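Coordinate analysis (summary)
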Amino acid sequence: MENIARLYNGQAWKDTDGHTIRAHGGWMLQQDGYYYWFGEDRTDGKKVSCYRSSDLSCWENRGAVLTLKSKVRPTYYRTSLEMYSPDQEDIGYGQGAVIERPKVLRNERTGKYVMWMHWENGRDYHDARCAVATCDTIDGDYVYHGSFNPIGYMSRDCTVFQDDDGSAYFISAARDNADLLVYRLSDDYLSIDEHVKTLWPGQYREAPAVMKRNGVYFLITSACTGWLPNQGTYAYADSLTGKWSQLLPFGDSTTYDSQPAFIMPLQVQGKTEYLYVGDRWDPSSYHDSTYVFLPLSFPMDKEMKVDWADHFTLNHFTDSIENTLHSGMHRIKSCGAERYLAVQQTAGEEAAVNGKMLSYLAEEQKWIVEQAEDDGYVLFKNVFDGRYLAASLSSDELPEGDGKVLLVQKGAHGCCCEWALKDADDEGKILIRNRMSGKVLSTRNRTGESLAHPSVHVEEAVEHDPRKGRDPQLFEILAVY
Ligand code: DGJ
């Protein structure tokens, strides 16, 4: 198949009408030469969107298949049918109930399309229920059958898996996300048949997605960090309900700034290939969240790999992947405050530097790491401001021992823009030590300071007591993809 259209990973994708594609936490099914992409759409009372494409690049909007106005019909077990009225107070994601991670399977016995999803009340994430809807056609109006706690358990991030023999499974995070539970569905896929496995108890996993290749099951998941990306993991097993391997790293320390949505098996030139689809959630603005499509590879039968690619076309499975380099920019993430070093957009001689919530569009959170001479020190040049991160020890405004961090022209008097990066653990965390003062960057909270935007300063390096929480002197330097 000749593919001309390219999808640039992490950017807003448009449908064939030129509107932003809203299909977050999604799922795909293939039918009659089309890929159908279902996902979350939280605009105007919509709940689940559906798009279709014959080439995975040009997407036609087929309309919202589940909305606040969808028909409601009870099913044969007890569920709560409410979706809440459109004028209900909400937590800022849209009107009515929050529906996340919709997944659709076709039941061969009944011919019905059955949607499983995560349901919350629109005010908080405490109800932790699953919900079910059905339709006679893949992209028609789904009938809503209500929400419930499977066998009484909490049920948050979820996925489904249909095995070769037609049996289907619902997998969701329970016990406040501590455990992942696997349930076998009834023959009609409408109800839970049995809780068949508890995966990685106490390991707090989210965003599960399952696939099977050459008889081996693979499951990918993320850790639990809200809307922030984290190191993805995968595991494998010979049987879904048998013994699973331990969790192994998948992608880089932020899964290339994404969280798993699903894995799509594809037929490409007579071979089955597998596509990883992840959400790039924007923690500062849910509606600006985007997607990444990345080919999966399998160096060995039980090894799974995902590599970054700037853009995606179906040709990626047949051609060598071009343009796989990241942008050359980085974000500097504080491990103590879960915030990203940013320069304040104020004009003036001394621009303040503080920690801000991740925003993918914010140039002021992006830094270019330059080598200083040839002695191992680096400089951080802010992409928005063009100036360099520096420590100044001349300010008297700060508590004794602390030093101010600011942005300066390279080589400015009285401060130093050169920094040494010292590995602090095996997980890529580093201490960033200023060359001139010997002090290290820190986001330690000081009295009266806003937790939302902790200031960044330099202080003496101290050994951290993990009982006090996360180390404010540790950072990660993350490539911007
Ligand atoms: C991460 C989950 O994977 C998302 O689906 C969503 O529930 C957010 N957490 C909410 O914080």
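Residues numbered from 1 in each chain as written. Predicted model: local features only at pLDDT ≥ 70, side-chain atom pairs only at ≥ 80, totals over all residues. Heavy atoms only, no water.

Here's the deal with the nonpolar core
Going by this rule: Residues belong to one nonpolar core when they are buried, are Ala, Val, Leu, Ile, Met, Phe, Trp, Tyr or Cys, and are joined through side-chain atoms within 4.5 Å. We call a residue buried when its accessible area falls under 20% of the maximum for its residue type, exposed when it is over 50%, and partly exposed in between, using a 1.4 Å probe and counting protein chains only. Think of it this way: any DSSP run of H or I at least four residues long counts as a helix, any run of E at least two long counts as a strand, and we number them from the N terminus.
One finds Trp37, Phe38, Trp59, Trp116, Tyr142 and Phe293 to be the most contacted residues of the largest nonpolar core, which totals 63 residues. The element contributing the most residues to this core is strand 7 (residues 113–120), with six residues.

Looking at the site of the ligand
Rules: For this description, a residue counts as near a given molecule or strand if any of its non-hydrogen atoms is within 4 Å of it. Throughout this description, a polar contact denotes any pair of N or O atoms lying within 3.5 Å of each other; where both atoms belong to protein, one of them has to be capable of donating a hydrogen while the other can accept it, and for residues adjacent in sequence the pair is counted only when both atoms sit in side chains. Residue-level accessible areas treat just the shown protein chains as cover; the underlying method is Shrake-Rupley with a 1.4 Å probe. All amino acids are sorted into three groups, where Ala, Val, Leu, Ile, Met, Phe, Trp, Tyr, Cys and Pro are nonpolar, Asp, Glu, Lys and Arg are charged, and the leftover types, Gly among them, are polar.
Around the ligand, the neighbouring residues are Glu100, Arg101, Tyr125, Asp157, Glu206, Gly226, Trp227 and Gln259. Aspartate 157 is positioned with one of its side-chain polar atoms (N or O) 2.4 Å from an oxygen atom of the ligand. At a separation of 3.0 Å, an oxygen atom of the ligand approaches a polar side-chain atom of glutamine 259. Its free accessible area being 290 Å², the ligand has 91% of it covered by the protein chains. The residue makeup of the shell around the ligand, split by class, is two nonpolar, two polar and four charged.

Concerning the sheet that holds strand 4 (residues 46–53)
Convention followed: Being paired, for any two strands, means DSSP has found at least two bridges between them. For helices, the fitted line uses only the C-alpha atoms of the stretch in contact; every axis is such a line through C-alpha atoms, and the angle between N-to-C directions lies from 0 to 180 degrees.
Strands sit in the order 2-3-4-5 across an open sheet of four strands; the sheet is antiparallel. Whereas interior strands pair on both sides, the edge strands pair on one side only; in this sheet they are strand 2 (24–31) and strand 5 (60–67). Looking at each pair of strands side by side, their axes are set apart by 25° on average, direction ignored. Judged from the six bridges that link them, strand 2 and strand 3 (residues 34–40) form a sheet pairing that is antiparallel. Across the sheet, the residue bridging to tryptophan 27 is phenylalanine 38, located in strand 3.

Considerations on the domain arrangement of the protein
Using the following cut-off: Start and end points for every domain follow an automatic or database-based domain assignment. Here a residue-residue contact requires only that any non-hydrogen atoms of the pair lie within 4.5 Å. By convention, the term buried area covers the 1.4 Å-probe accessible surface removed from two parts as they join, with the contributions of both added. A side-chain nitrogen of Lys or Arg and a carboxyl oxygen of Asp or Glu constitute a salt bridge if their distance falls within 4 Å.
Split by domain assignment, the protein resolves into domain 1 (6–320) and domain 2 (329–479). The gap between the C-alpha centroids of domain 1 and domain 2 is 37 Å. Domain 1 puts ten residues into the contact, and the matching count from domain 2 is nine residues. It is Leu228, Asp257 and Pro283 that lose the most area in domain 1 upon contact with domain 2, and together they represent 40% of the buried surface on that side. Connecting domain 1 to domain 2 are one salt bridge. We note a salt bridge from aspartate 257 to arginine 331, for which the minimum N-O separation is 3.3 Å.

Some remarks on the packing of aromatic side chains
Threshold: Stacked, edge-to-face and tilted labels apply to pairs of Phe, Tyr and Trp rings (six-membered ring for Trp) whose centres lie within 6.5 Å, assigned for plane angles under 30 degrees, over 60, and everything in between, in that order. Working rule: Lys NZ or Arg CZ, within 6 Å of ring centre, within 35 degrees of ring normal, means a charge sits over the ring.
Taken as a whole and judged by the stated rule, the model has 27 aromatic pairs. Where tryptophan 37 meets phenylalanine 293, the ring centres are 5.4 Å apart and the plane angle is 55°; that geometry is what we call tilted. Of this pair, tryptophan 37 sits in strand 3 while phenylalanine 293 sits in strand 20 (residues 290–300), placing them 256 residues apart in sequence. With 6.4 Å between their ring centres and 80° between their planes, phenylalanine 38 and tyrosine 142 make a pair best called edge-to-face. With phenylalanine 38 in strand 3 and tyrosine 142 in the loop between strand 8 (129–135) and strand 9 (143–148), the pair connects residues that are 104 residues apart, well separated along the chain. With respect to class, phenylalanine 38 is no different from tyrosine 142; both count as buried. A network of ring pairs unites the aromatic residues Trp13, Trp37, Trp59, Tyr291, Phe293 and Phe312 as a single cluster. In this structure, arginine 42 packs its charged tip against the face of tyrosine 286, placed 4.0 Å from the ring centre. Positioned over the ring face of tyrosine 377 is arginine 435, at 4.0 Å from the centre of the ring.

Quick notes on the sheet that holds strand 20
In space, the four strands of this open sheet follow the order 18-19-20-21, with antiparallel pairing throughout. Only two strands of the sheet have a single partner each, and these edge strands are strand 18 (259–268) and strand 21 (303–306). Mean inter-strand twist for the sheet, computed between neighbouring axes without regard to direction, equals 35°. One ladder, built from nine bridges, connects strand 18 with strand 19 (residues 271–280); its direction is antiparallel. The partner of proline 265 across the bridge, within strand 19, is tyrosine 274.

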